[in-house]
Amino acid sequence: MNSTLESIAQLQIDSINVVQRAHYMPLFARLGAYDIGALDRLVARKRGPMTEYWAHEASYVRSELVADLITWQRRGWIDRSDLFTSEHCELTDNVLSYLATHPGTTARELSAALDIQPVGEKQHWGWNWNDTKFVTEALFAQGRILALGRSSQFERRFALAEDVIDLQRAAVPGDKRSALRRLVLRAMRALGVGTAHCIAEYFRLPATQVAGLLRELAAERLIEQVGVAGLAENCYQLPGTVIPRSVQPDLRLLSPFDSMVFNRRRLERFFGFEYRVEIYVPQAKRRYGYYVFPMLYGEDFVGRVDLKADRKNGVLQAKSVHYEPGVCPEVSGELDRELGRMARWLGLAAVER
């Protein structure tokens, strides 16, 4: 597991639980059946190798990247500490003091411990959050507190940053150019080969600055500029990147938020596969379904399947299956095998297709 996490560097988090929560699925696609508790324990470890911060979106990321991500990914629309009242500042101190002795506490638990009332009629700015939520989100954005995993209710379990990551080994936030360089090189490791857009999008970095940095790194021969058949854009790779001559056919299902597919433009340009997430599309206007998994067969995307885990009846439902034109007939049998493997991993007794 750790080598896979080292390779891809991030697992995007999403609360939708139609099949399984988003951050669990990429490891299943790469490793097969595994103990999701092992991932939960990994991100709950003090000074462990993975923790949560903003990356492509909210993600479990390699801990050594957190300081660089704080530099580039701090969400200003969430961190509203510039509008804090004196009461918010006092609450901030109280939250930090409480977490110093109670690491792994959710915002809801903090509210109970500090006697902060639920949201009511508010005369100041804000979403439908109580004051504890405003304070913890601001502190999280700033990197002063981080999370020791999430609770069974999918709430962050907050702790002081020094309890979550090794601050002595982390880069110092604020050196934007060095941080950008490290994030770009890490994105390239994860992608193998990519355009400037691919590399910038991996951690949601500013495209213009990434493109300029890539040209500089190529001029210094620290990365290689390469061509990809069918693409007019320049592509880049790290020196020594090995491109396999062929990939053994082996069907895998990739969840909508897998790092292999969350860049839709990359899918279209590199693999000729058009994919859109239709979760927020009205049902009558969906082309393929609600929670659609692309099918990767060897090095080709060959179709998509709309999945739902019917836990009440113990069934993994393949609500619809769509193949790309010209797909070989054996793919159907491979899909059946993969659906069976996924159902067993999810603890479901049958597949309904």
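Residues numbered from 1 in each chain as written. Predicted model: local features only at pLDDT ≥ 70, side-chain atom pairs only at ≥ 80, totals over all residues. Heavy atoms only, no water.

Under the annotation held in an unreviewed UniProt entry, the protein chain carries the name Winged helix-turn-helix domain-containing protein and is attributed to Glutamicibacter soli.

Student: Hey, could you go over the overall build of the protein chain for me, with residue numbers and the actual values?
Tutor: Looking only at helices and strands, the protein chain has 13 helices and 13 strands in total. Expected size for 353 residues packed as a compact globule is a radius of gyration near 20 Å; at 22 Å, the protein chain falls within 12% of this value. Seen along its three principal axes, the alpha-carbon backbone of the protein chain occupies a region of about 65 × 60 × 35 Å. The 353 residues of the protein chain split such that 52% are buried. (Helix = DSSP H or I, 4+ residues; strand = E, 2+ residues; numbered from the N terminus. Rg over C-alpha atoms; globule rule 2.2 N^0.38 Å. Buried < 20%, exposed > 50% of the residue type's maximum accessible area, 1.4 Å probe, protein only.)

Student: Can you lay out the pattern of salt bridges for me, pointing to particular residues and giving the numbers?
Tutor: Applying the stated rule across the entire model yields 25 salt bridges. A salt bridge links Asp258 to Arg30, with the nearest nitrogen and oxygen atoms 2.8 Å apart. A residue pair is termed long-range when its members are at least 10 positions apart, and Asp258 in the loop between β9 (251-253) and α12 (264-271) and Arg30 in helix α2 (residues 25-31) qualify at 228 residues. Across the pair Arg204 and Glu57 runs a salt bridge whose closest N-O atoms are separated by 2.5 Å. Pair noted here: Arg204 is in the loop between α10 (196-202) and α11 (207-219) and Glu57 is in the loop between β2 (50-54) and β3 (58-62), with a separation of 147 residues, a long-range link. Overall, Arg204 belongs to the partly exposed group, its relative accessible area being 34%. Residue Glu57 is classed as partly exposed on the basis of its relative accessible area of 27%. The network of salt bridges with shared partners includes Glu6, Arg62, Glu64, Arg186 and Arg189. (Salt bridge = Lys/Arg side-chain N within 4 Å of Asp/Glu carboxyl O.)

Student: Lay out the side chain of Arg252 with the relevant residues and their values.
Tutor: Here Arg252 lies in strand β9. Within the structure, the side chain of Arg252 is placed 2.8 Å from the side chain of Asp250, a separation counted as a polar contact. (Polar contact = N/O pair within 3.5 Å; in protein donor to acceptor, adjacent residues only side chain to side chain.)

Student: Break down the domain arrangement of the protein chain for me, citing the residues and quoting the values.
Tutor: Looking at the assigned domains, one finds that the protein chain contains domain 1 (35-168), domain 2 (175-243) and domain 3 (251-351). In this complex, domain 2 contributes twelve residues to the contact, which on the side of domain 3 involves seven residues. Note on domain 2 versus domain 3: buried area summed over both sides is about 840 Å², and carbon and sulfur give 59% of it. Across the domain 2-domain 3 interface, the total number found is one salt bridge. (Domains from an automatic or database assignment. Contact = heavy atoms within 4.5 Å. Buried area = accessible area lost by both parts, 1.4 Å probe.)

Student: Can you tell me about helix α13 (residues 330-346), naming the residues and giving the values?
Tutor: If you check α13, its first and last C-alpha atoms are 25 Å apart, about what 17 residues at 1.5 Å a residue would give, namely 24 Å. Among all positions in α13, only Val331, Leu335, Glu338, Leu339, Gly340, Met342, Ala343, Trp345 and Leu346 are buried. Once α13 finishes, Gly347 follows within two positions and takes phi at roughly 75 degrees, a positive value. (Expected span 1.5 Å × (residues − 1).)

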